[in-house]
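An overview of the molecular structure
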Amino acid sequence: MSQATVTLLNEAALDLPLEQLRRADGAVVIVAGSSLVRMTLAELSLPGAQMIWTDFRQSASLRHLHGVIRDLGGLDRLVLAGNAQDGEAMFSLMCAILTFLPSLRRKPGAEVVLTVQEGPALGSLRAFLQRLDGRMAQDRIRLLLQIQPQRPTQPVAA
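Residues numbered from 1 in each chain as written. Predicted model: local features only at pLDDT ≥ 70, side-chain atom pairs only at ≥ 80, totals over all residues. Heavy atoms only, no water.

Quick word on helix H3 (residues 87-105)
Cut-off, in case you're wondering: The helix and strand labels rest on DSSP assignments: H or I over at least four residues marks a helix, E over at least two residues marks a strand, and numbering proceeds from the N terminus. By this rule the span expected of a helix is its residue count minus one, scaled by 1.5 Å. To get the bend at a residue, fit one axis to the 7 residues ending there and another to the 7 starting there, then take the angle between the axes. Exposure is judged per residue with a 1.4 Å probe applied to protein chains only, and the accessible area is read against the type maximum: over 50% gives exposed, under 20% gives buried, and values in between give partly exposed. Contacts are residue-level and defined by heavy atoms, with any inter-residue pair within 4.5 Å sufficient. Under this definition, polar contacts are N or O atom pairs within 3.5 Å; protein pairs additionally need one hydrogen-donor-capable and one acceptor-capable atom, and for neighbouring residues in sequence, both atoms have to be side-chain atoms.
In a regular helix each residue adds 1.5 Å, so 19 residues correspond to 27 Å; H3 covers 27 Å between its end C-alpha atoms and thus fits that length. Of all the bends found along H3, the most pronounced is centred on Thr 99 and spans about 35°, while Pro 102, a proline, follows it within four residues. Among the residues of H3, Met 90, Ser 92, Leu 93, Met 94, Ala 96, Ile 97, Phe 100, Leu 101, Ser 103 and Leu 104 are the ones counted as buried. On its buried face, H3 is in contact with strand S1 (6-10), helix H2 (59-71), strand S4 (77-83), strand S5 (111-117) and helix H4 (122-138). Where H3 begins, one side-chain oxygen reaches toward the backbone nitrogen of Glu 88, 3.0 Å away; that side chain belongs to Asp 86.

In structure tokens, the structure reads:
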């Protein structure tokens, strides 16, 4: 009997097309984040997904989330999104990847999907991923980096 697949995504990944995030039968989907609005919307748009309040900027919060993932037997898919205009957001993504690498190694064919909007911190993220590339290949962890153009900001209607 095989274990259910486990997918973890940050709340920014909720902006991705939901077809990528829907649960397969028996799959465990965990949404981690700290925004009340995004987490509430996640409950509505991903029925059956588990919501775990997590601040990706705090190591204690990431450790707690890692413990939950470890108790589930590991992680099959890590889906993270962020905006490279925000250096802190990119640093948080890097910390999340490092935190969950041990859980990803437990499952052959695990993958990390990163969707990032262009910005000045993209170079740092690419350099970080380049340093991890050999280690991830050795552990058979697939990495997919998707770069999106920066979205123009829309003025708020008065």
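Some remarks on a nonpolar patch on the surface
For clarity, the threshold we go by: In this analysis, a patch consists of residues with relative accessible area above 30% that form no salt bridge, clustered at 9 Å for like charges and at 5 Å for the nonpolar side chains Val, Leu, Ile, Met, Phe, Trp and Tyr. Each accessible area is a Shrake-Rupley result for a 1.4 Å probe, and residues are judged covered by the shown protein chains and nothing else. By definition, a salt bridge exists where a carboxyl oxygen of Asp or Glu is found within 4 Å of a side-chain nitrogen of Lys or Arg.
Taken together, the side chains of Val 37, Leu 41 and Leu 44 define a hydrophobic patch exposed on the protein surface, amounting to about 330 Å² of accessible area. Checked against the element boundaries, Leu 44 lands in helix H1 (residues 36-45).

Quick look at the pattern of salt bridges
Here the structure, examined in full by the defined rule, presents six salt bridges. A salt bridge links Asp 15 to Arg 38, with the nearest nitrogen and oxygen atoms 3.1 Å apart. Placement of the pair is Asp 15 in the loop between S1 and strand S2 (28-33) and Arg 38 in helix H1, with a sequence separation of 23 residues. Take Asp 15: its relative accessible area is 47%, and that puts it in the partly exposed class. With a relative accessible area of 28%, Arg 38 lands in the partly exposed category. Between Arg 142 and Glu 111 there is a salt bridge, with its nearest N and O atoms 2.7 Å apart. A residue pair is termed long-range when its members are at least 10 positions apart, and Arg 142 in strand S6 (residues 142-148) and Glu 111 in strand S5 qualify at 31 residues. Overall, the relative accessible area of 48% leaves Arg 142 in the partly exposed class. Residues joined by salt bridges that share partners form a network here, namely Asp 55, Arg 57 and Glu 88.

Some remarks on the sheet that holds S6
Note the following rule: Here, any two strands with at least 2 DSSP bridges between them count as paired. Interaxial angles span 0 to 180 degrees and are taken between N-to-C directions of axes, which are lines fitted to C-alpha atoms, for helices over the stretch in contact.
Across the sheet, which stays open at both edges, the six strands sit in the order S3-S2-S1-S4-S5-S6 with parallel pairing between neighbours. Each edge of the sheet is formed by a strand with only one pairing partner; in this case those strands are strand S3 (50-53) and S6. Between one strand axis and the next, the sheet turns through 15° on average, direction left out of account. By the bridge criterion, four bridges tie S2 to S3 in an arrangement that is parallel. The residue bridging Ala 32 from the neighbouring strand is Ile 52, located in S3. Along the sheet, H1 contacts S2 and S3; its crossing angle with S3, the most-contacted strand, is approximately 165°.

Regarding the nonpolar core
Definition in use: By nonpolar core we mean a set of buried residues, namely Ala, Val, Leu, Ile, Met, Phe, Trp, Tyr and Cys, connected to one another through side-chain atoms within 4.5 Å.
Core analysis: the biggest nonpolar cluster contains 35 residues, and Leu 8, Ile 30, Leu 78, Ile 97 and Phe 100 have the highest contact counts within it. Contributing elements (two or more residues each) for this core: S1, S2, H2, S4, H3, S5 and H4. The leading source of residues in this core is H3, at eight residues. Not counting residues up to four positions away in its chain, the partners in contact with Leu 78 are Leu 8, Ala 96, Ile 97, Phe 100, Leu 104, Glu 111, Val 112 and Val 113.

With respect to the pairing of S2
The line we're drawing: Handedness rule for crossovers: strands pointing away from the viewer, path from the first strand over the helix to the second running clockwise, crossover right-handed.
With six of six residues buried, S2 lies mostly within the body of the structure. A two-sided burial pattern is seen for S2, the buried positions comprising Val 28, Ile 30 and Ala 32 on one face and Val 29, Val 31 and Gly 33 on the other. Two strands pair when backbone bridges link them, and S1 and S2 are joined in this way by five bridges, in the parallel orientation. Across the sheet, the residue bridging to Leu 9 is Val 31, located in S2. Once you follow S2 into H1 and on to S3, the crossover reads as right-handed.

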